Amino acid sequence: MKTAVIHQQFLLSTGVSTDTRYLKPGNIFFALKGDNFNGNQFALQALEKGASYVIVDEKQPALEDKKHLVVDNCLEQLQKLATFHRKYLGIPVIAITGSNGKTTTKELLQTVLNKKYRVTATHGNLNNHIGVPLSLLKMNQNTEIGLFEMGANHPGEIDFLSNIALPDYGFITNFGKAHLQGFGSLEGVVQAKTELYHHLKAKNKLLFLNMDDEKQFLHTAYKHTFGFGTHSKAQVKIEYPEAPGMAEIIFNKLRFKSQLSGSYNAQNIAAALCIGLYFKVPVEDIKEAIANYKPTNNRSQTLSKGSNTIYLDAYNANPTSMMASLQHFNISKTNQQKIAILGDMKELGNSSETEHQVMVNFLEELNISEIYLVGENFKKTSSSKANIIKFKDTESLKKHLKLAKIQGYHILIKGSRGMALENTLEVFEVPAPAN
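Computed from a prediction, not measured in an experiment: that's the story for all the values here. Counting restarts for each chain, with residues numbered from 1 along the sequence as it is written. Owing to the predicted nature of the model, reporting of local features is limited to residues with pLDDT of at least 70; listing and counting of side-chain atom pairs is limited to 80 or more, with chain, interface and lining totals taken over all residues. Calculated side-chain values reflect all of the structure's heavy atoms, with hydrogen atoms and water omitted.

(A) Expanded view of the layout of surface pockets. For the second largest pocket, the calculated volume is near 670 Å³. Buriedness for pockets is judged along seven lines, at least five of which must meet protein on both sides within 12 Å for an open set on the 1 Å grid over protein atoms alone, while cavities are sets there where a 1.4 Å probe fits but cannot get out, and lining residues have an atom within 4 Å of a point. Looking at the second largest pocket, it is lined by 24 residues, and the ones nearest its centre are G15, V16, S17, L134 and K138. The secondary structure listing takes helices from DSSP runs of H or I that are at least 4 residues long and strands from runs of E that are at least 2 residues long, numbered from the N terminus. Within the residue set of the lining of the second largest pocket, elements represented by two or more residues are α1 (2-12), β1 (16-17) and α5 (131-136). For the lining of the second largest pocket, the per-class residue count stands at nine nonpolar, 11 polar and four charged. Delimitation of the domains relies on an automatic or database domain assignment. Each of two domains, domain 1 (3-78) and domain 2 (90-292), supplies a minimum of three residues to the lining of the second largest pocket. Grid points are joined across faces, edges and corners, and a volume is the space filled by probe spheres set on the points. Gly is put with the polar residues, along with every residue not named as nonpolar or charged; the nonpolar set is Ala, Val, Leu, Ile, Met, Phe, Trp, Tyr, Cys and Pro, and the charged set is Asp, Glu, Lys and Arg.

(B) Looking closely at the sheet that holds strand β18 (residues 338-343). At least two bridges found by DSSP between two strands are what make those strands a pair. The strand order β16-β17-β21-β18-β19-β20 describes an open sheet built from six strands, whose pairing is mixed. Of all the strands in the sheet, the pair left with one neighbour each is β16 (301-305) and β20 (388-391). For this sheet, the mean inter-axis angle between neighbouring strands, taken without regard to orientation, is 20°. One ladder, built from five bridges, connects β16 with strand β17 (residues 308-313); its direction is antiparallel. From the neighbouring strand, K305 faces β17, where its bridge partner is N308. Against the sheet, helix α14 (residues 352-363) contacts β18, β19 (370-374) and β20, and its axis sits at roughly 170° relative to β19. Running over the sheet, helix α16 (residues 394-404) touches β18, β19 and β20 and is turned about 150° from β19. Here the axes come from fitting lines to C-alpha atoms, over the contacting stretch only for helices, and the angles between their N-to-C directions go from 0 to 180 degrees. Contacts are assigned to residue pairs with any non-hydrogen atoms lying within 4.5 Å of each other.

(C) Expanded view of the packing of helix α4 (residues 102-113) against helix α11 (residues 266-278). Two numbers describe how α4 lies on α11: the axes approach to 9 Å, and their chain directions differ by 35°. Seen from above, α4 lies across α11 with right-handed handedness. Seen from α4, the contacting residues are T104, T105, L108, L109, V112 and L113; seen from α11, they are N268, I269, A271, A272, I275 and G276. Rotating anticlockwise by less than a right angle from the far helix to the near helix defines a left-handed crossing, while the corresponding clockwise rotation defines a right-handed one.

Right under this line is the structure:
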């Protein structure tokens, strides 16, 4: 009953806020709690800043004559409200998860679907137990399709998020060695990500499927699919041409070019094409959307800094994504001088030492002029190669780069978010000396 009452207030509001610093007049404020904060302490301040209503889970005398509602748990109430609102609107909802490429695929697909529909999508990577409800509550009467990313680092999270968002369609980008600390193993990753499959199957909903991904084939016997790839049974037949520069694909003899560095992004493009076609977005519009999409947020970006060309993919890293980036970088621009700057891969648990050493062993075989490894995990590895140099942190690397005055290189920057390798960019902004 409380959820229905709150929803009526929500429909009259200007949206939801969980942080008084960013609260807008007319917002409903949810007093969420965390390890280091208690939103209940800011409920009165939220009203003073113009909140139309506050939802708290601690009774406060100061709120007695104010517009507020006391619930058992604010976070659970936020999640219930999101599901209630999703059912109230009754529009198609697409969920995307996977180990690598889910944000890029989501953003590509949003760009494609925007050609025909009014789409509400996850902002950035707000893809957890708080971000998904907040994203769902961004939908309104004008929204025609909801597109939401789901992230997880422990078993059960994708199932939990699926029960909040109730997707009609789902897509898993891939299964990779990500968050092994929480999942335990690659098989644990597979089991966790396929929670989306199981949810869709139980509800008889549609799964978009990369039919060239053997792991996905092995872990789903679900027949209600719409697939893409080179596989003979794919509804959307894709060709993957050799593309040493930006990722591209071919469909029906049309070449779909992109501004995404790395051939591994070709499957993300193919997924956006496949889902766009299913929703009857015209092919030429899809082609234009993919060509015009420009990556941001340190993902698959190509930048010019001075006389250097930089491939920046420093938003996240795990063994699968780092290996794919290096393989592409190794075969591209074969006649150019190259530097790889690689940061520690986080959340690998007991596999961390092994996975970092495996990566170093792989690096020893590559045709890359200089390789800079950054972080405590890479520092523990061993290598006899003189071109592999280790740094304890990003600041130490920056000092080296400033002294080296690197010019005329192709540079790959890849590492986990916590390494903040994008901070090295300022070192390369010095223009090349005039001849």
